[in-house]
Amino acid sequence: MSSRPGRLGVGIVGAGRVGAVLASALRATGHAVVGASGASEETRERIEVLLPNVPVLDVRDVVERSELVLLTVPDDVLGDLVAGLARLGAFQPGQLVVHTAGRYGVGVLAPARACGAIPLAIHPAMTFTGTSVDLSRLDGLPFAVTADPPVLPIAQALVVELGGEPIVLPEEARALYHAALAHGANHLVTLTSQAMRVLTAAGVSDAGRLLTPLLSAALDGALRGGEVTLTGPVARGDSGTVAEHLAALAGIVAADPTLVDVPETYVALARATVQRTLAGRRISEPAATRLLDVLDPVTDPATDHEVEGGSGTEVVRTVAQLRQRRESWNQPVAVVMTMGALHEGHLELVRVARTLAPRVIVTIFVNPLQFGAGEDLDAYPRTLDADVEVLRQEGVDLVFAPPESEMYPDGAPQVTMTAGHMGEVLEGADRPGHFDGMLTVVGKLLHLTRADIAMFGQKDAQQLALVRRMVSDQNIPVRIEAVPIVREPDGLAMSSRNAYLDEAERAAALVLSRAVAAGAQAAADGSTVDDVLAAAQRILDERDRDLVRPSYLELVDEHTMTAWGERHPDGRSPSRALLVVAARVGATRLIDNAVVSWPLQEEAR
Ligand SMILES: Nc1ncnc2c1ncn2[C@@H]1O[C@H](COP(=O)(O)OP(=O)(O)OP(=O)(O)O)[C@@H](O)[C@H]1O
Ligand SMILES: CC(C)(CO)[C@@H](O)C(=O)[O-]
Ligand code: BAL
């Protein structure tokens, strides 16, 4: 027991790093350490070094012999230990029972309190090595202190005696307090070692030396000034750089899978950084959206890696990643360009592509350039996860699903494609600029994928014709393959926009496929151009006029999109033409068409 007045006999249960250091500090202030318990060899050694001549006793003896019991066991065993000691009757009235678990207040000591002991919780906000080096760290060190109000001064005095600075915390704040400390300190270690591992992978021999000034300055800045001291690509809204980082990190993970935790952490922290810089109004909402797009889950190179390893379908989000994958292939490549929300029509393009080339790339990008003001850019269905899943089942090699910032890093491009007159008729008349935007992105995607073959659906016939024309006018080295329209069993041409239709609209929409089918039948029966149009028009006239507002119904040349009547005012029939129709069904714009061909004798007429 204590030898000098006011000094206490201190017992220490679980002489781990913290316990041994605190007990040693108490001893230095004149308290007697009457016993320590510790099962492991390491603990015993620590007791010998930091607490020489202190007897190693079993737990119960330590508690029974001391006026101040320091419980420094792991958080998870503390509750059971206290309850067990209480059951054994080891605690005494008036005894100070102190624990040092950050996460708990004094509630966990309730069984000791029930025995008349005085429960106190003190937690040094420090990481300890368990050696004498730690003793100097106690000087001025903040300690969280929790105790019942009447005995709070005892806990505070104890901390002051240890050289620390007591910071009083209510019982209910302890878990948050401890979460904040663990997040800040422990995760800082994880983060720093990740940065060191990546630098080592980049060939830097002394990563610690390289990082020390920067990380010290960053930490110092953050502690003094908070988030406003943030620098770097997120704070600048530089999504291109972030995308480049992700691509580079994906590269090192492919070379060394033990680094797989790094891109995951990068993405999580970059997301949080975006949110904070946005909240602090340091970046604009569009800049934040661009950054978050780049950081979308599938951008996570770790996920890419899994996808690649798992099934052979890889999802990439950046131009750099696409180029890297593409360069590793020597075989012919077919590309299927889509805006996602995939359906059987798209899958038919994929299936045909697979028969034409050993490698298939599918691009998924809702291209803002081809949407006019007031069109459905924002509402356009985006179902990336489901799309990737079906493409995986189709055995697609690569899915390129870039965020907008990858395709247009500087916003809308300055130099673009122009469709010319052919882009101003039919769809182009209703959607000014649509085909310019479409051709611009198709051109880019052809360059990026360096595809040998590109698949386009006959459903978007004017698009198909324009792409062929661009490829020819611009000498782009690619073969364009058209795939016939895939229809629902009742004839409706499949389209991602069909998802917008309600039941009544869905039924009313059938009038489009029925109209072009009627025209095609009339041509097969040998009718004149006018009669073919009239047959289609008759069906269109039967439409539900509240729901269907036709935009055009025309017979055109499938390569030039010029109306057949314009070219042949005499009404002579061609051998083959395209019957195209468009209408708004409710608020949804739908298109359809049919290739119509006349019997040979009609052609000769
Ligand atoms: N029913 C279909 N049959 C054949 N090809 C199709 C069909 N639907 C779309 N495609 C083709 O798939 C490619 C990608 O088209 P997109 O992603 O725009 O789909 P969509 O269903 O046409 O969507 P939207 O609702 O915008 O018309 C294009 O080449 C398009 O012609
Ligand atoms: C070809 C295309 C993918 C370009 O955005 C788009 O117009 C489409 O989905 O048809
Ligand atoms: N389906 C063609 C692309 C578009 O409508 O924007």
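Residues numbered from 1 in each chain as written. Chains lettered and ligands numbered in written order. Predicted model: local features only at pLDDT ≥ 70, side-chain atom pairs only at ≥ 80, totals over all residues. Heavy atoms only, no water.

### Thoughts on the domain arrangement of the protein
Phase 1 of the analysis: For the protein, the domain assignment lists domain 1 (9–169), domain 2 (179–294), domain 3 (312–483) and domain 4 (496–604).
Phase 2 of the analysis: For domain 3 versus domain 4, the separation of C-alpha centres amounts to 26 Å.
Phase 3 of the analysis: The interface is formed by 21 residues belonging to domain 3 together with 18 residues belonging to domain 4.
Phase 4 of the analysis: With both chains or domains summed, domain 3 and domain 4 bury close to 1,600 Å², and 53% of this area falls on carbon and sulfur atoms.
Phase 5 of the analysis: Of all residues in domain 3, the largest losses of buried area upon contact with domain 4 belong to Leu 426, Glu 427 and Lys 459, amounting jointly to 32% of the total for that side.
Phase 6 of the analysis: Those elements giving two or more residues to the side of domain 3 that touches domain 4 turn out to be helix H19 (427–430) and helix H21 (461–473).
Phase 7 of the analysis: Per element, the largest residue contribution to the side of domain 3 that touches domain 4 is three residues, and it comes from H21.
Phase 8 of the analysis: Partitioning the side of domain 3 that touches domain 4 into residue classes produces ten nonpolar, five polar and six charged. (Domains from an automatic or database assignment. Contact = heavy atoms within 4.5 Å. Buried area = accessible area lost by both parts, 1.4 Å probe. Helix = DSSP H or I, 4+ residues; strand = E, 2+ residues; numbered from the N terminus. Nonpolar A, V, L, I, M, F, W, Y, C, P; charged D, E, K, R; others polar.)

### Quick look at the sheet that holds strand E9 (residues 333–338)
Phase 1 of the analysis: If you trace the six strands from one edge of the open sheet to the other, you get E8-E11-E10-E9-E12-E13, paired in parallel fashion. Edge positions in the sheet fall to strand E8 (314–316) and strand E13 (479–483), since each has one partner strand and no second. Direction aside, the axes of adjacent strands within the sheet are offset by 25° on average.
Phase 2 of the analysis: Running at roughly 150° to strand E12 (residues 453–457), helix H16 (residues 344–356) makes contact with E9, strand E10 (359–364), E12 and E13 of the sheet.
Phase 3 of the analysis: Taken strand by strand, helix H20 (residues 434–449) contacts E9, E10, strand E11 (398–400) and E12, and its axis lies near 150° from that of E9. (Pairing = 2+ DSSP bridges. Axes fitted to C-alpha atoms, helices over the stretch in contact; angles between N-to-C directions.)

### Regarding the site of ligand 2
Phase 1 of the analysis: Close contacts around ligand 2 come from Met 337, Thr 338, Met 339, Asn 367, Gln 370, Met 438, Val 441, Val 442, Phe 456 and Gln 463, and that covers them all.
Phase 2 of the analysis: Note that an oxygen atom of ligand 2 is positioned 2.6 Å from one of the side-chain N or O atoms of Gln 463.
Phase 3 of the analysis: Relative to its free-state accessible area of 280 Å², ligand 2 is covered by the protein chains to the extent of 90%.
Phase 4 of the analysis: Top element by residues in the shell around ligand 2 is H20. It accounts for three residues.
Phase 5 of the analysis: When its residues are assigned to classes, the shell around ligand 2 shows six nonpolar, four polar and no charged. (Near = heavy atom within 4 Å. Polar contact = N/O pair within 3.5 Å; in protein donor to acceptor, adjacent residues only side chain to side chain. Areas by Shrake-Rupley, 256 points an atom, 1.4 Å probe, with all protein chains shown as cover.)

### Regarding the sheet that holds strand E1 (residues 9–13)
Phase 1 of the analysis: In spatial order, the strands read E2-E1-E3-E4-E5-E6-E7; together these seven strands make up an open sheet with mixed pairing. A single partner strand is all that each edge strand has here, and the edge strands are strand E2 (32–37) and strand E7 (165–168). When strand polarity is set aside, the average angle formed by the axes of neighbouring strands in this sheet is 25°.
Phase 2 of the analysis: Bridging between E1 and strand E3 (residues 68–71) involves four bridges; their strand directions are parallel. Considered in E3, the bridge of Val 13 is made with Leu 71.

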